[in-house]
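An overview of the molecular structure
Each chain is listed here by its residues.
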Amino acid sequence: MYGHDAGGTRYSPLKQINTANVSRLQRAWTYHTGEKGRSLESTPICVNDTLYFSTQNQNVVALDPVTGKEVWKFANPNPRGSESRGVAYWAGDKQTPPRILFGTGNGQLIEL
């Protein structure tokens, strides 16, 4: 759930990173979108061992969160308007498989 819980408290009960070891953290990987123009302001989500986010030109990328390697990329055929701020996940139901959703700058809702 985004922000840790339904209230968006942004609190994590995890204990692996703390004030004693935070200064020893090192970057694991970096991903470059290769896109120019707008700044990237997206909040990624991690679902079933895949990291999803939208790019500054309204594309969607799926990465392996351990290695940072691209799994797939959706190229928006009509990227107009302002940048996308992120994606959402819907688990699906008996008739419809799970989906990644995102809203475009020109008012479209795209399901992947």
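For the structure itself, consult the block above.
An account of the accompanying structure is given in this report. From a predicted model like this one, the values you see are computed outputs, not experimental measurements. (Residues numbered from 1 in each chain as written. Predicted model: local features only at pLDDT ≥ 70, side-chain atom pairs only at ≥ 80, totals over all residues. Heavy atoms only, no water.)

**A short note on the overall build of the chain**
Threshold: The secondary structure listing takes helices from DSSP runs of H or I that are at least 4 residues long and strands from runs of E that are at least 2 residues long, numbered from the N terminus. For every residue, the accessible area (1.4 Å probe, protein chains only) is compared with the maximum for its type, and the residue is labelled buried under 20%, exposed over 50%, or partly exposed between those bounds. Every residue pair with non-hydrogen atoms within 4.5 Å of one another is taken to be in contact. The accessible surface values rely on the Shrake-Rupley method and a 1.4 Å probe; as for residues, cover is taken only from the protein chains in view. Counting rule applied: Lys, Arg positive; Asp, Glu negative; His and chain ends not counted. Here the site of a charge means NZ on Lys, CZ on Arg, CG on Asp, or CD on Glu.
The secondary structure content of the chain amounts to zero helices and seven strands. Secondary structure elements in the chain, listed N-terminal to C-terminal, are β-β-β-β-β-β-β. Projecting the C-alpha coordinates of the chain onto the three principal axes gives extents of approximately 45 × 40 × 25 Å. Within the chain, buried positions represent 28% of all 112 residues. A fraction of 38% describes how many contacts in the chain between residues 6 or more apart in sequence connect residues 24 or more apart. As presented, the chain carries roughly 7,900 Å² of accessible surface, and 53% of it is formed by carbon and sulfur atoms. Both charge centroids of the chain, one from 12 positive and one from 9 negative side chains, sit 5 Å from each other.

**Here's the deal with the sheet that holds strand 4 (residues 70-74)**
Here is the rule: Strand pairing is assigned whenever DSSP detects at least two bridges linking the two strands. A fitted line through C-alpha atoms represents every axis, and for helices the fit uses only the stretch in contact; the resulting angles, taken between N-to-C directions, go from 0 to 180 degrees.
Taken in spatial order, the four strands line up as 1-2-3-4 in an open sheet, and their pairing is antiparallel. Single-partner strands in this sheet number two, and they are strand 1 (45-47) and strand 4. Sheet twist, expressed as the mean angle between neighbouring strand axes with direction ignored, is 20°. Pairing analysis gives four bridges linking strand 2 (residues 50-54) to strand 3 (residues 60-63), with the strands arranged antiparallel. In the strand pairing of strand 3, serine 54 is matched with valine 60.

**A short note on a nonpolar patch on the surface**
Short version of the rule: A patch consists of residues exposed above 30% relative accessible area that lack any salt bridge, with like charges linked at up to 9 Å and nonpolar side chains (Val, Leu, Ile, Met, Phe, Trp, Tyr) linked at up to 5 Å. Any carboxyl oxygen of Asp or Glu within 4 Å of a side-chain nitrogen of Lys or Arg constitutes a salt bridge here.
On the surface, a cluster of nonpolar side chains totalling about 280 Å² of accessible area is made up of Ile17, Val22 and Leu25. If you trace the backbone, valine 22 turns up in the segment before strand 1. By relative accessible area, which is 43% here, valine 22 ends up partly exposed.

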